[in-house]
Amino acid sequence: DQQVKQNSPSLSVQEGRISILNCDYTNSMFDYFLWYKKYPAEGPTFLISISSIKDKNEDGRFTVFLNKSAKHLSLHIVPSQPGDSAVYFCAASVDKAAGNKLTFGGGTRVLVKP
Amino acid sequence: DAGVTQSPTHLIKTRGQQVTLRCSPKSGHDTVSWYQQALGQGPQFIFQYYEEEERQRGNFPDRFSGHQFPNYSSELNVNALLLGDSALYLCASDRADYGYTFGSGTRLTVV
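Quick caveat: nothing in here was measured; it's all calculated off a predicted structure.

**Student:** Any chance you could explain the pairing of strand S3 (residues 19-25) of chain A here in plain terms?
**Tutor:** The side chains of a regular strand alternate, first on one face of the sheet and then on the other. All names here are of chain A. Along S3, the buried face is formed by Ser19, Leu21, Cys23 and Tyr25; none of Ile20, Asn22 and Asp24, which line the opposite face, is buried. Of the strand pairs in this sheet, strand S1 (residues 4-5) and S3 are connected by 2 bridges, and their pairing is antiparallel. Bridging from a neighbouring strand, Lys5 pairs with Asp24 of S3. Pairing geometry for S3 and strand S8 (residues 72-77), over 6 bridges, is antiparallel.

**Student:** Got a minute to help me understand the interface of chain A and chain B in this structure?
**Tutor:** A common way to report how large an interface is uses the accessible area buried once the components associate. Contacts between chain A and chain B engage 21 residues on the former and 22 residues on the latter. Interface area, chain A with chain B, both sides summed: about 1,500 Å², of which 57% is carbon and sulfur. Where chain A packs against chain B, one counts 0 salt bridges. For the interface between chain A and chain B, the tally reads 1 residue pair in polar contact (both at pLDDT 80 or more). Listed by contribution, the elements that provide at least two residues to the side of chain A that touches chain B are strand S4 (32-38) and strand S9 (86-93) of chain A.

**Student:** Can you help me understand the sheet that holds S8 of chain A in this one?
**Tutor:** The strands making up a sheet are joined through hydrogen bonds of the backbone, oriented either antiparallel or parallel. Here we have 5 strands laid out as an open sheet, ordered S1-S3-S8-S7-S6 (chain A), and antiparallel in their pairing. Two strands bound the open sheet, and with one partner strand each, they are S1 and strand S6 (56-59) of chain A.

**Student:** Would you mind showing me how to read the side chain of Gln6 of chain B here?
**Tutor:** All names here are of chain B. Looking at the secondary structure, you find Gln6 in strand S1 (residues 5-7). A polar side-chain atom of Gln6 sits 2.9 Å from the main-chain carbonyl oxygen of Tyr89. In this structure the side chain of Gln6 is engaged in a polar contact, spanning 3.0 Å, whose partner is the backbone nitrogen of Gly105. When neighbours within four sequence positions are excluded, Gln6 is seen to be in contact with Arg22, Cys23, Trp34, Tyr89, Leu90, Cys91, Gly103, Ser104, Gly105 and Thr106.

What counts, and at which threshold
Residues numbered from 1 in each chain as written. Chains lettered and ligands numbered in written order. Predicted model: local features only at pLDDT ≥ 70, side-chain atom pairs only at ≥ 80, totals over all residues. Heavy atoms only, no water. Buried < 20%, exposed > 50% of the residue type's maximum accessible area, 1.4 Å probe, protein only. Helix = DSSP H or I, 4+ residues; strand = E, 2+ residues; numbered from the N terminus. Pairing = 2+ DSSP bridges. Contact = heavy atoms within 4.5 Å. Buried area = accessible area lost by both parts, 1.4 Å probe. Salt bridge = Lys/Arg side-chain N within 4 Å of Asp/Glu carboxyl O. Polar contact = N/O pair within 3.5 Å; in protein donor to acceptor, adjacent residues only side chain to side chain.

The structure is reproduced here in structure tokens:
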């Protein structure tokens, strides 16, 4: 039972263009969502998050959009840079409180071509 | 400020053996969670420790057990290893907010 799904296993984009990563979830109890980035041989690093009371959160080149009715969120990276090449994971939790477990999607591998 | 430290970085074990993985949380963090990441998949929650007690547990068999010490460091033990236990094991720590910090992981190979 995969509660968080990233249906695109990979994405290739030209440097300077927009990268759009998508994530769907099934558990309506999820109310906090996060995106992580992972380079090989490193642990996931936090990128950006969004609470279910919002529909958009922006941090520099990264914007996350949440559509609660569709149970869908997306991450936009503008402009994409070669250093953004990594695996991106969407994650969800039922509560923002400390210590609540994260449920991850399967990841999307992004390749930004110079 | 050291982040989350995991040891060893790589490990090869034989089926049926037991393994212990170690994690030192980020300074100031008191909660430690363990995740298993199989090849090509996202991390899956194993369990979480807070105040030396297991607070939450994911859908993993009892062969997976853990411990948290008074200094907040933690161990993950896996008994009777199976080939399917081969994965990257990630430790994450946090405190009071949602600032999970992940370690670089231990790559376990079971042969």
